[in-house]
Amino acid sequence: PRRYRVHHLRDFKNRGEKWAMLTAYDQYTAEIFDQAGIPVLLVGDSAANNVYGYDTTLRVTVDELIPLARAVANAAQRALVVADLPFGSYQASPEQAFHTAVRFMKEAGVQAVKLEGGRTVVPMVEKLTQSGIPVMAHIGFTPQSEHSIGGYRVQGRGEQAAGLIDDAVALAAAGAFSLVLEMVPGDVAAEITKRIPIPTIGIGAGRDTDAQVLVWQDMAGLRSGTMPRFVKQYADLRGILTSAATSYAAEVANGAFPADEHTF
Ligand code: KIV
Ligand code: NA
């Protein structure tokens, strides 16, 4: 397709074709992932940690996320671009959710928004979808609720599973076009994926979801520190950039750069 639309993602599910989503926060990564054929790019509120250097996702604001979303939407030719609604920008009421989502659509040019929560956000999902704004839902471990959950913990184990399945069914019925499942036991994610007609997108949710998502700096090895267990690192960008910066500095110091061919 010229541009991935929400109905293409449903077609993927119906055909049993799995697909990958990545986060993106700027022009070149959006362009690269788009050209690599990634059908959905997420301007995550994980920009808090991965762009702005905050220690929690809770800190990033709508005004900080919109310019990043604009850069990604400008650069992506084929990918469907989804922006996270930051903590505090949609929970108060369906009207608040609507006004925030409209800002992302108008000021950034994204094609969909994502918000976190189960049955409590059903009125917000209904308001947005009825207004023509596609909504990606997100349950399981929801980073915006880190403090009430009590840290990064797997959600939906044991007796919690039934509640998570009810949330998924309610969000799909409310009109969400897809559902992120974060840090959910693989068998629960598989059950949800079977039970709802919309695509599930897993992160730490096993292999049976319809799609997968990773934060690009994790996947490409740019970030420092210990990686969560659900991440697979496909490159060592941190090593590549460290060596580039080190070589550059050394060549400036020893006079090898700039050479004649770099000089006017
Ligand atoms: O903000 C984010 O990066 C996310 C994905 C990991 C789903 O919400
Ligand atoms: Na997020």
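All values derive from a computational prediction rather than experimental measurement.

1. Observations regarding the coordination of the sodium ion (ligand 2)
Item 1. Each protein donor to the sodium ion (ligand 2) is listed here as Asp45 (OD) and Asp84 (OD); together their distances run 2.3 Å. Highlighted residues: Asp45 in the loop between β2 (40–43) and α3 (47–50) and Asp84 in strand β3 (residues 80–84), separated in sequence by 39 residues. Each member of the pair, Asp45 as well as Asp84, carries the same accessibility label: buried.

2. Brief notes about helix α4 (residues 62–75)
Item 1. Compared with the 20 Å implied by 1.5 Å per residue over 14 residues, the 20 Å span of α4 between its first and last C-alpha is a close match.
Item 2. Taken together, the buried positions of α4 are Val62, Glu64, Leu65, Ile66, Leu68, Ala69, Val72, Ala73 and Ala75.
Item 3. Against the buried residues of α4 lie α2 (27–35), β2, α3, β3 and α5 (94–108).

3. Section: the domain arrangement of the protein chain
Item 1. According to the domain assignment, the protein chain contains domain 1 (6–233) and domain 2 (236–264).
Item 2. The centre of domain 1, based on its C-alpha atoms, is set 38 Å off from the matching centre of domain 2.
Item 3. Taken together, the 7 residues of domain 1 in the interface contact 4 residues of domain 2.
Item 4. Taken together, the two surfaces of domain 1 and domain 2 that pack against each other cover about 410 Å², and 56% of this comes from carbon and sulfur.
Item 5. If you look at where domain 1 meets domain 2, you find 0 salt bridges.
Item 6. One can count 3 residue pairs in polar contact (both at pLDDT 80 or more) joining domain 1 with domain 2.
Item 7. Looking at the side of domain 1 that touches domain 2 residue by residue, the class counts come to 3 nonpolar, 3 polar and 1 charged.

4. Digging into the pairing of strand β4 (residues 112–116)
For a regular strand, side-chain orientation follows a simple rule: the groups alternate between the two sheet faces.
Item 1. Most of β4 is tucked away, with 5 of its 5 residues classed as buried.
Item 2. Neither face of β4 is left uncovered, since the one carrying Ala112, Lys114 and Glu116 and the one carrying Val113 and Leu115 both have all their residues buried.
Item 3. Inspection of the sheet shows β3 paired to β4 by 3 bridges, in the parallel sense. By the bridge assignment for β4, Ala83 is matched with Val113.
Item 4. Each parallel crossover has a hand, and for β3 linked through α5 to β4 it is right-handed.
Item 5. Looking at chain direction, β4 and strand β5 (residues 135–140) are connected through 4 bridges and run parallel.

5. Digging into the site of ligand 1
Item 1. Every residue near ligand 1 is listed here: Thr23, Leu42, Gly44, Asp45, Ser46, Asp84, Lys114, His138, Val180, Ile203, Val213 and Val215.
Item 2. Between Ser46 and ligand 1, the recorded distance is 2.5 Å, taken from a side-chain N or O atom to an oxygen atom.
Item 3. Between ligand 1 and Asp84 there is a distance of 3.1 Å, counted from an oxygen atom to a side-chain nitrogen or oxygen.
Item 4. For the shell around ligand 1, the per-class residue count stands at 5 nonpolar, 4 polar and 3 charged.

6. Some points on the side chain of Thr200
Item 1. Relative to the helices and strands, Thr200 resides in strand β7 (residues 200–203).
Item 2. At 2.7 Å, the side chain of Thr200 and the side chain of Thr193 are in polar contact.
Item 3. Setting aside residues up to four positions removed in sequence, Thr200 forms contacts with Leu179, Leu181, Ile192, Thr193, Thr209, Asp210 and Ala211.

7. Points about the environment of Asp63
Item 1. When you line up the elements, Asp63 lands in helix α4.
Item 2. Accessibility expressed as a relative area gives 53% for Asp63, which makes it exposed.
Item 3. A polar atom in the side chain of Asp63 sits 2.9 Å from the side chain of Arg103.

8. Digging into the sheet that holds strand β6 (residues 178–182)
Item 1. Reading around the circumference, β1-β2-β3-β4-β5-β6-β7-β8 is the order of the 8 strands in this closed barrel, with parallel pairing throughout. Each strand of the sheet is rotated relative to its neighbour by a mean of 25°, with strand direction disregarded.
Item 2. Where strand β1 (residues 19–23) and β2 come together, 3 bridges link them in parallel fashion. Each bridged residue has a counterpart across the sheet, and for Met21 the counterpart in β2 is Val40.

Cut-offs and rules
- Note on numbering: residues in each chain are counted from 1, in written sequence order.
- Lettering of chains starts at A and numbering of ligands starts at 1, both following the order in which they are written.
- The predicted origin of the model limits local features to residues at a pLDDT of at least 70 and limits the giving and counting of side-chain atom pairs to 80 or more, whereas totals for whole chains, interfaces and linings rest on all residues.
- Side-chain descriptors were evaluated using all non-hydrogen atoms of the structure, hydrogens and water having been removed beforehand.
- The rule for donors is simple: N, O or S, within 2.8 Å of the metal, or within 3.2 Å if the metal is Na, K or Ca. Water isn't counted, so a site may look like it is missing partners.
- Strands here are runs of E lasting at least two residues and helices are runs of H or I lasting at least four, both read from the DSSP assignment and numbered beginning at the N terminus.
- Think of it in three bands: residues with accessible area under 20% of the maximum for their type are buried, residues over 50% are exposed, and the middle band is partly exposed, with areas taken using a 1.4 Å probe on protein chains only.
- Helix span, as expected, comes to 1.5 Å for every residue beyond the first.
- Two residues qualify as a contact provided that any one of their heavy atoms is within 4.5 Å of a heavy atom in the partner residue.
- In this entry, domain limits derive from an automatic or database-based domain assignment.
- When two parts are brought into contact, each loses some accessible area as probed by a 1.4 Å sphere; the total of that loss over both is the buried area.
- Salt bridges are defined as contacts in which a side-chain nitrogen from Lys or Arg sits within 4 Å of a carboxyl oxygen from Asp or Glu.
- Whenever two N or O atoms come within 3.5 Å, that pair is a polar contact, provided that in protein one can donate a hydrogen and the other can accept it, and provided that, for residues adjacent in sequence, both atoms are side-chain atoms.
- Think of it as three bins: nonpolar holds Ala, Val, Leu, Ile, Met, Phe, Trp, Tyr, Cys and Pro, charged holds Asp, Glu, Lys and Arg, and polar takes everything else, Gly as well.
- At least two bridges found by DSSP between two strands are what make those strands a pair.
- Here a crossover is taken to be right-handed if, once the strands point away from the viewer, the path from the first strand over the helix to the second is traced clockwise.
- Proximity is defined per residue: any heavy atom of the residue falling within 4 Å of a molecule or strand makes that residue near it.
- Fitted lines through C-alpha atoms give the axes, limited to the stretch in contact for helices. The angle between two N-to-C directions lies from 0 to 180 degrees.

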